[in-house]
Each structure stands twice: as C-alpha cells, then as structure tokens.
Amino acid sequence: MIRIFSRLLLALVTSLLLAWALPAASQSSSPFPVTLEKDLAARAVNFTEVSLDKNMLAFASKFLDSKKSDDAQVRRLIEKLDGIYVRTYEFDKAGQYSEAELDAIRHQFSSPVWSVMVRGRSRDADGDTDIYVKLVNNEIQGMFILNAEPKELDFVYISGPIRPEELSELSGNFGVPKLGKNATGKESDK
Amino acid sequence: MVDFDPEFEQELREGLRPRPAPTGFSNRVMLRVEKQASRPPLGFLHLPALRWALAGILILAVVIGGYRELQRRLAGERARRQVLLALHITGSTLQAIHNKIEPSNGGD
C-alpha cells in the first residue's frame, strides 16, 4: 500500500515538474536569431534590447491612435508582423568586439532560407553592414539587419512578411531623417 | 348548589352584554387593511449589515476593476513606446547603412 502511494506521489511530482519546466523551456528559447555573446551587454556603456513578439505587437497596436497619421502608419506596418527584436550596443572605445564574433553571427544566416540583400565592408574602418532576408516561397518572411561601427553594434530582426518599401516609410518618421531609396533596394534619388 | 352574589351576577351580565361597534370602526379597519396591502414587501435588503456588505463589495469591485484597467493602460502605453523605439532604431540603423552605401553608389 505504501509502495503504491509513494509511486503515485512520485508520478504526481514528476508531472508537476514537467508541467512547470516545459513552458519555461519554450519561453527561454528566444526567437531572436543571433546568439549574442553574453558579455556583449556587459562590455557596452549603453545598450538597448527590445523584444516584441506577435502578442505584444497586437497589444501595443490597441494603444495606437488611428486618428494620428504616425500611429496609423505604425499600426499598418506592425499588424502583419510576427515580431520585432532590436539590440543596440554602444562602446566607449573601439575594439570591444572582434571580427570573429561578427563572423559567428553571420554564420547563423548561412542556411538556404536566408539571402544576403546588402553586404557592405568598409576599408576605412567605417564599419560593416549586412542585411539578410528570409525568403519563403519567394516572399520575404523576415529581415535581419547588422550594422557594425567601431563603437557601436546594432542588430534588428523583423519577423514576418515585410516589403522593403515599407521600411522606407520609417524614414522621415520617429525622428529618422528622410531616407534615399538605395537602402531599400531601389535606385538612389541622387 | 352554589349561590352567586346577585350583585356580582348583575355586573357580569352587564359586562358580557354585546355592544355595537363604535361609529366608523369597520371603515377604519378596512382602511388599515388596504394600507398594509399596498406597502411593498420587505426584501432581504432590509437588513442593514447586508446592505453595507453589498455596498462594500460593489465599491471593491469598482476599485479593483479601475486598478486593473489602469495597469492595462500603462502596460499598453509601455508596449506602444517600445514599438516606436524599435522602429526608431530600425529606421536609424537603415539610415546609417544608407549613409555608408550612398557615397560608393554615387561614385559609380
């Protein structure tokens, strides 16, 4: 009798532990595609990390005022996205991250689903730039932007269907100067 | 055989003699009956303690509801600001990339 009871108790404890552990494990797996060095934030003098999944975007869109043109534009932009994930790190001096670290990040986009849209390598230490797009059935389903400057690292991952033209709409808004068309794959105005 | 005091017997007879009701007595009785019937029935709310308890629950529900709505609005405003910040950083990053690429394209 005692053995049966102890087995039942063990089964109950195990199932409770599993029920607690499984959601915790699924939450800890970040959708951000880059495994950033853990101490990158520790090395930075300033860093910003923004993670907005689909639920959070839907929640935020309820608080955007559709009567305001800026808010309406943002709502249009985010309503079909699955997430926006941003990481920016500012360093007090150059050399706080290595080229190998950047290569490790780029290596994560070597799978066939990701294509390079923009690749910029500077000879005058201006920094490197990469824009990768995730193509599924010839449609862009995600975009990863890497901007590396001597004292700054920026990563932006936009998950979900997005057109480059929509990103150009960001310029001229949110304190961003008006952008030329080149950065979104179109011909420059100049 | 028991002998009654004739005087006492006379008083008893006088006391038990039927008398007519005073004038208007039946009308007054009927009026009171109607008044009782028209009064609304007393429900369970006539208990003061219960009334206070219900009022307390109502106030508590309103306060909790208001607090939760305030929390929801604050969280929503925070999420909205995060979205704007994320888009601002995205736009700035694209602008920085554009500034790097633009001179080389201009030279082509």
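My aim in this report is to walk through the structure given alongside it, one point at a time. Remember, predicted model here, so these are calculated numbers, not experimental data.

## Things to note about the overall build of chain A
Okay, step 1: In terms of helices and strands, chain A carries six helices and six strands.
Okay, step 2: In sequence order, the secondary structure elements of chain A are arranged as α-α-β-α-α-β-α-β-β-β-β-α.
Okay, step 3: Taking all 190 residues of chain A together, the buried fraction comes to 27%.
Okay, step 4: Taking the contacts inside chain A whose residues are at least 6 apart along the sequence as the reference set, 48% of them involve residues at least 24 apart.

## Thoughts on the nonpolar core
Okay, step 1: Core analysis: the biggest nonpolar cluster contains 39 residues, and Ile 84 of chain A together with Val 83 and Ala 86 of chain B have the highest contact counts within it.
Okay, step 2: The contacts of Ala 86 of chain B, once residues within four sequence positions are left out, are Val 50, Leu 52, Ile 84 and Val 86 of chain A.

## Concerning the environment of Met 143 of chain A
Residues and elements named next belong to chain A.
Okay, step 1: Structurally, Met 143 can be placed in strand S5 (residues 139-149).
Okay, step 2: Met 143 sits in the buried class, given 21 other C-beta atoms within 10 Å.
Okay, step 3: Not counting chain neighbours up to four residues away, the residues in contact with Met 143 comprise Ile 131, Val 133, Ile 158 and Ile 162.

## Considering the sheet that holds strand S2 (residues 83-90) of chain A
Residue and element names in this part refer to chain A.
Okay, step 1: If you walk across this open sheet you meet the six strands as S1-S2-S6-S5-S4-S3, and the pairing is antiparallel. Here the strands that pair on one side only, and so sit at the sheet edges, are strand S1 (46-53) and strand S3 (114-120). When strand polarity is set aside, the average angle formed by the axes of neighbouring strands in this sheet is 10°.
Okay, step 2: For S5 and strand S6 (residues 152-159), the ladder comprises eight bridges, and the chain directions are antiparallel. Bridge pairing links Ala 148 to Leu 153 in S6.
Okay, step 3: Docked against the sheet, helix H3 (residues 54-61) engages S1 and S2, running at close to 90° with respect to S1.

Parameters at a glance
- Residues numbered from 1 in each chain as written.
- Chains lettered and ligands numbered in written order.
- Predicted model: local features only at pLDDT ≥ 70, side-chain atom pairs only at ≥ 80, totals over all residues.
- Helix = DSSP H or I, 4+ residues; strand = E, 2+ residues; numbered from the N terminus.
- Buried ≥ 20, exposed ≤ 12 C-beta atoms within 10 Å, placed from the backbone.
- Contact = placed C-beta atoms within 7 Å.
- Core = buried A, V, L, I, M, F, W, Y, C linked by C-beta atoms within 7 Å.
- Pairing = 2+ DSSP bridges.
- Axes fitted to C-alpha atoms, helices over the stretch in contact; angles between N-to-C directions.

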